[in-house]
Amino acid sequence: MKRSFDDPSDGVPEAAPPGGGGRPAHGIAGWPGQGQRGADARPDSLPDGRPWPRLRIVTVSDGTEEGLADTLASVLAQGYPEARHDVLPPATLADGAFPDAGAADHVLILRAGDMLAPGALTALALEAALTGAAAVAGLRVLYDAAVTGLDAPSLDAGFEDDGDPQSGGEILFASSAFDGRPTRPAELWARLAAMGAPLVRIGRPVLLQRDSAAPEPIEGLSIVSLTGAGHRGGAGIAQRRLGEALRLSGHRVAQMALTDESPPAAAEWTDAFPGTEATIRQLGPDLVIAGNLHGATRSLDILGRLGATARTALVLHDLFPLTGRCAYPKGCTRIAVGCDAACPTPDEYPQLRRNRIPGLHVRKRSVLGAPGGPLLLANSRWTAERARDYAPPATRVAQIALAFPTGVFAPGDRAALRRRLGLPADDVLVMFSAVIVDAPDKGVADLVDALRRVARPGIGFVAVGRLDDPARLGLPNLHAPGPIGEEAELAAWYGACDLHVTASRLETLGQTPIEAGLCGTPTLAYRATGLTTAVIDGVTGRLVPEVPGALAAALDELVSDGAARRRLGAFARIALENRFSYAAASMSIEAALATSGILPRRTGRPRFAPEMLARFDLAADRHGGEGGTVDAPSPPLVRRLRQAKHALLGRNLPFWARRSLYLATRLRGALRRRGINA
């Protein structure tokens, strides 16, 4: 259990000395130049077939500014042929306005000496096309002898331009925003915000700007990230990444797990965690962000007690906080009138004896609906809607983006990856993945049926995750590497495949489609639950209706259409990095907390530590990713015992077996304590 707040720079690579190893001060090796990492491949047209927007980039210069050559080179290296770059004389500013946008769809004002980051124009233009925003802003990388920080315009207060009318080169404006008034980017952004025009921020660097001013310390918050069982598995991974994103935004984050005090086998009977609660009270955090508590308890009582002295938020990694016991109602109507002993699935995880379900549901609602109760943070639009449906009326709900390490989950050389992983060079490889691949809630029966229908020579399948008996799937040419706990290794498997597919209908978001898409591999999924946020239909993959045969038909179509797969994969990388990077997640959380009144708005630009750059693929020194994210592959004996248990008892544990495990755990604990005391 961590019992102190981490320094924002803890656990990330230190910046190398200026110029060391051939890395420039702005932290992007070889830039400006052609073919840089982070400048993702761009399809010839937009996802819906329209041409790419026409862009006009305006730089006012007398030709003597230091770094002007780099500015020009950074535009030329964008690989965006629909862009026109005009370098205009200073007299252009005499009347306080730039010339009309002309025939361009969008305008970007780029200061002489500043540089566009690799892939900036494509990232900005795609988001503008997908959202129809009046302006799209990305991250600005500030540097002097080395990177000093990253930031972005505020959606509320705009930003100060320090008297330079061209400051704001990280913003792409719709040409319709220019109405003859002064066109200083800072003023235009602020005016659009005041008008309520749609403004969008993407979470990736788009501008490199030299700034010799010493960076001011970021005034962050003290935050406790509280989980039930730590950071393994899907929800645990998501909670850890959110904590990392907040730390890289200048906040001090302490990670704590309830199972450090009470074992998972006791979760059904444990509601109090005095040691953990005492530690949190001693830390006195500004905020407690909890998530996935059912790994250690079946109640939300701890949040009710912590809420008496600290502001709290609860990430909805599933719907457990809203129900009597289940993670997903699955069409059950009991929740509408109050979960009760008629629950049809009391022995499914998270299990709870029938007679306790009504009382636990009432207690959860009491915590959620109390004055100052936790803010519910939903990771998709669907989850936010369910929270508003199921939570007490007074409950506050906000939607956020989850965080993904986009520098680790990034496209690679597919042929080289296949050689390294021992995969066939020329087969079309279809990947499916989950912590437990054959878990019924992942729609495994439906998935396997669709996969069998497309099975033929030249088609291969890759199953990543726990799968005790791969042969039972009956899939030819199946590669099953098992659970992969290293993020970088998992990214290699995603990148080596042509298509990712899931038949799950129960996801608050769906992390695997986003990880796959970041690696340039599109996803095929049902148009269901949070997957409608994780997969942008026709952009990062395909969504099909929940009708028999729809998944198999779409799978057969995509397996046969390599051009369509490559096009979707290219868009997936760009669009998902824009929306799910660490920076994007942090900005979404801070906006949610401020809008909900839990915390005051931070004035000025959202700012990030210099180490945030290492979380992007374009950085010269990238963070290598985390390990141990899922349990290691089970030994053969454990797999056989698990198969025998499934054959005798099914996948669920009856009450007597759960109670026996709990009592055995208590006995082991008592014996251990006696041994220590002796």
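Located above this text is the structure these notes cover.
Because the structure is a prediction, the values reported are computed rather than measured.

Caption draft 1: Structural view of the overall build of the chain. Helix and strand counts for the chain come out as 19 helices and 21 strands. Compactness check: the chain gives a C-alpha radius of gyration of 26 Å against a globular reference of 26 Å for 678 residues, within 12% of the reference. Referenced to the eigenvectors of the C-alpha coordinate spread, the extents of the chain come out at roughly 85 × 65 × 50 Å. In the chain, buried positions account for 57% of the 678 residues.

Caption draft 2: Looking closely at the pattern of salt bridges. Under the defined criterion, the tally for this structure stands at 43 salt bridges. Put simply, Arg232 and Asp631 hold a salt bridge, and the shortest N to O gap is 2.7 Å. With Arg232 in the loop between strand S9 (222-227) and helix H4 (233-247) and Asp631 in the loop between strand S21 (607-608) and helix H18 (636-649), this residue pair connects regions lying 399 residues apart in the sequence. Connected through salt bridges with shared partners, the residues Arg240, Arg241, Glu244, Glu487 and Glu515 form a single ionic network.

Caption draft 3: Representation of the environment of Ala644 in the model. Among the structural elements, Ala644 can be located in helix H18. We classify Ala644 as partly exposed; its relative accessible area is 36%. Between the C-alpha atom of Ala644 and that of Leu287, which follows or precedes it by 357 residues, the distance is 45 Å.

Caption draft 4: The arrangement of the sheet that holds strand S17 (residues 478-482) in detail. Strand order in this open sheet of six strands is S17-S16-S15-S18-S19-S20, and the pairing throughout is parallel. Both outer strands of the open sheet, S17 and strand S20 (541-544), are each paired with one neighbouring strand and no more. Mean inter-strand twist for the sheet, computed between neighbouring axes without regard to direction, equals 20 degrees. Relative to S17, strand S16 (residues 459-466) is paired through three bridges, and the arrangement is parallel. Residue pairing in the sheet places Val464 in a bridge with Gly482 of S17.

Caption draft 5: Up close: the pairing of S9. Summarising burial for S9: six of the six residues are buried, a large majority. Burial along S9 is two-sided: Ser222, Val224 and Leu226 and Ile223, Ser225 and Thr227, pointing in opposite directions, are all buried. Two strands pair when backbone bridges link them, and S9 and strand S10 (residues 252-257) are joined in this way by six bridges, in the parallel orientation. Bridge pairing links Thr227 to Ala257 in S10. At this point the chain moves from S9, through H4, to the parallel S10, and the crossover so formed is right-handed. In terms of strand pairing, S9 meets strand S11 (residues 287-291) through five bridges, oriented parallel. Across the sheet, the residue bridging to Val224 is Val288, located in S11.

Caption draft 6: Representation of helix H8 (residues 357-369) within the structure. Across its 13 residues, H8 extends 18 Å between first and last C-alpha, which sits within 8% of the 18 Å expected from 1.5 Å per residue. Every buried residue of H8 is accounted for by Ile357, Leu360, His361, Lys364, Val367 and Leu368. The buried residues of H8 all sit within an arc of 125 degrees when viewed along its axis, so they share a single face. At its buried positions, H8 is contacted by helix H6 (301-306), helix H7 (334-337) and strand S13 (375-378).

Caption draft 7: Quick peek at a nonpolar patch on the surface. Together, Leu648, Leu649 and Trp656 line one region of the surface with nonpolar side chains, adding up to about 390 Å² of accessible area. For Leu648, the position within the fold is in helix H18. For Leu648, a relative accessible area of 74% puts it in the exposed group.

Caption draft 8: Local environment of empty space enclosed by the protein. Under the criterion given, the structure shown has six cavities of 30 Å³ or more. A volume near 80 Å³ is recorded for the largest cavity. Forming the boundary of the largest cavity are Phe432, Ser433, Ala434, Val437, Lys442, Leu447, Val501, Thr502 and Ala503. For the lining of the largest cavity, the leading source of residues is strand S15 (residues 428-436), giving three residues. Partitioning the lining of the largest cavity into residue classes produces six nonpolar, two polar and one charged.

Caption draft 9: Fine view of the sheet that holds strand S12 (residues 311-316). Across the sheet, which stays open at both edges, the six strands sit in the order S10-S9-S11-S12-S13-S14 with parallel pairing between neighbours. The strands lining the two open edges of the sheet, one partner per strand, are S10 and strand S14 (397-399). Each neighbouring strand pair of the sheet contributes to a mean axis angle of 25 degrees, computed without reference to strand direction. Across the sheet, helix H9 (residues 381-390) is in contact with S12, S13 and S14; its angle to S14 comes to roughly 175 degrees.

Caption draft 10: Main features of the state of the cysteines. The final tally for this structure, using the stated rule, is zero disulfides. Cys343 supplies the cysteine sulfur nearest to Cys332, a cysteine that is in no disulfide, at a spacing of 6.4 Å.

Caption draft 11: Region of the structure containing the packing of helix H11 (residues 444-454) against helix H15 (residues 550-560). Across the interface, H11 lies against H15 with an axial gap of 9 Å and an inter-helix angle of 40 degrees. As summarised for this structure, H11 and H15 are arranged oblique, according to the angle between their axes. Pair H11 / H15 crosses with right-handed handedness. For the pair H11 and H15, the contacting residues are Ala450, Leu451, Arg453 and Val454 in the first and Leu551, Ala552, Leu555 and Asp556 in the second. Taken together, the residues of the contact of H11 with H15 sort by class into six nonpolar, no polar and two charged.

Rules behind the numbers
Residues numbered from 1 in each chain as written. Predicted model: local features only at pLDDT ≥ 70, side-chain atom pairs only at ≥ 80, totals over all residues. Heavy atoms only, no water. Helix = DSSP H or I, 4+ residues; strand = E, 2+ residues; numbered from the N terminus. Rg over C-alpha atoms; globule rule 2.2 N^0.38 Å. Buried < 20%, exposed > 50% of the residue type's maximum accessible area, 1.4 Å probe, protein only. Salt bridge = Lys/Arg side-chain N within 4 Å of Asp/Glu carboxyl O. Pairing = 2+ DSSP bridges. Axes fitted to C-alpha atoms, helices over the stretch in contact; angles between N-to-C directions. Right-handed = clockwise from strand over helix to strand, strands pointing away. Expected span 1.5 Å × (residues − 1). Arc of directions from axis to C-beta. Contact = heavy atoms within 4.5 Å. Patch = residues over 30% accessible without salt bridge, like charges linked within 9 Å, V, L, I, M, F, W, Y side chains within 5 Å. Areas by Shrake-Rupley, 256 points an atom, 1.4 Å probe, with all protein chains shown as cover. 1 Å grid on protein atoms, 1.4 Å probe; cavity = no way out; pocket = protein on both sides within 12 Å on 5 of 7 lines; lining within 4 Å. Points joined across faces, edges and corners; volume = space filled by probe spheres on them. Nonpolar A, V, L, I, M, F, W, Y, C, P; charged D, E, K, R; others polar. Disulfide = S-S within 2.5 Å. Parallel < 35°, antiparallel > 145°, perpendicular 65-115°, else oblique. Left-handed = near helix turned anticlockwise from the far one by under 90°.

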